[in-house]
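Remarks on the overall topology
The residues making up each chain are set out below.
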Amino acid sequence: MQHNSARMKAAWICLLIVGVGILVFGVVAAVAPGAGDEQLMRADGVAATGMGLFGVLITLLPFRCGERWAWYAQWYYPAFWIAHLAGGLPPGKDHVHQVVFIVLSLAGLLLPVRVFFPRLTSTA
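Residues numbered from 1 in each chain as written. Predicted model: local features only at pLDDT ≥ 70, side-chain atom pairs only at ≥ 80, totals over all residues. Heavy atoms only, no water.

Comments concerning the environment of Val27
- Relative to the helices and strands, Val27 is located in helix H1 (residues 6-31).
- The partly exposed category is assigned to Val27, whose relative accessible area is 40%.
- In this structure, the C-alpha to C-alpha distance between Val27 and Ala47, residues 20 residues apart in sequence, is 9.5 Å.
- For Val27, the residues in contact, after removing those within four places along its chain, are Gly45 and Thr49. (Helix = DSSP H or I, 4+ residues; strand = E, 2+ residues; numbered from the N terminus. Buried < 20%, exposed > 50% of the residue type's maximum accessible area, 1.4 Å probe, protein only. Contact = heavy atoms within 4.5 Å.)

Description of the UniProt feature "transmembrane region" (unreviewed entry) in the chain
- Taken from the UniProt record, the annotation "transmembrane region" (unreviewed entry) applies to residues 12-33, 45-63, 75-92 and 98-117.
- End C-alpha to end C-alpha, residues 12-33 measures 30 Å, and it is 91% helix and 0% strand.
- When the span residues 45-63 is considered, its composition is 100% helix and 0% strand, and the gap between its end C-alpha atoms is 25 Å. (UniProt positions renumbered as here; feature names shortened; annotations may be inferred.)

A few points about the pattern of salt bridges
- Going through the model one piece at a time under the given rule, you end up with one salt bridge.
- The salt bridge partner of Arg42 is Glu38, with a shortest N-O separation of 3.1 Å. With Arg42 and Glu38 both in helix H2 (residues 38-63) and four residues apart, this pair spans about one turn of that helix.
- Judged by relative accessible area, Arg42 falls into the partly exposed class, the value being 30%. (Salt bridge = Lys/Arg side-chain N within 4 Å of Asp/Glu carboxyl O.)

With respect to helix H4 (residues 76-87)
- Relative to the 16 Å expected for 12 residues at 1.5 Å per residue, H4 spans 16 Å between its end C-alpha atoms, a close match to the ideal helical length.
- In the core, the buried residues of H4 are packed alongside H1, H2 and helix H5 (96-110).
- Taken from the residues just after H4, Gly88 is the one with a positive phi, measuring 60 degrees. (Expected span 1.5 Å × (residues − 1).)

Thoughts on H1
- The end-to-end C-alpha separation of H1 is 37 Å, in line with the 38 Å expected for 26 residues at 1.5 Å each.
- For H1, the full list of buried residues reads Met8, Ala11, Trp12, Cys14, Leu15, Val18, Gly19, Ile22, Gly26, Ala29 and Ala30.
- Buried residues along H1 sit in contact with H2, H4, H5 and helix H6 (113-116).

What to know about the confidence of the model for the chain
- Chain-level statistics for the chain give a pLDDT mean of 90 and a share of 92% at 70 or above.
- Of all secondary-structure elements in the chain, the lowest mean pLDDT belongs to H6, at 91, while helix H3 (residues 68-73) reaches the highest, 97. (pLDDT = per-residue confidence, 0-100.)

A word on the side chain of Ser105
- In this structure, Ser105 sits in helix H5.
- From its side chain, Ser105 meets the backbone oxygen of Phe101 in a polar contact 2.8 Å long.
- Once residues lying within four places of it in the same chain are set aside, the contact partners of Ser105 are Leu15, Val18, Tyr77 and Pro78. (Polar contact = N/O pair within 3.5 Å; in protein donor to acceptor, adjacent residues only side chain to side chain.)

Structure follows, in structure tokens:
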């Protein structure tokens, strides 16, 4: 059962943007690695492609249906991007994309929290 509230729609769109961004980076890095260790960049690209693809699929299927495990699984996104930001890790040197992906992933997880954890109704 899909949840069609505006909050849920905004949430899955935020997570979809993050997943597609990772997927696109992965494909580009795997196909056309930049300067440096080409083999390492291709390997990172393949890994990022998988991460992005899994994230997109989890977002579009179980997350949109309100499956709680998918909400938990998507917490990988903010953890991943916070670790990248804190560690000064690539890609890029400006790190703006990392902050954007942190904000988008947190919004995507916090906006629909009541879908995944509905309030208990009292029978008093």
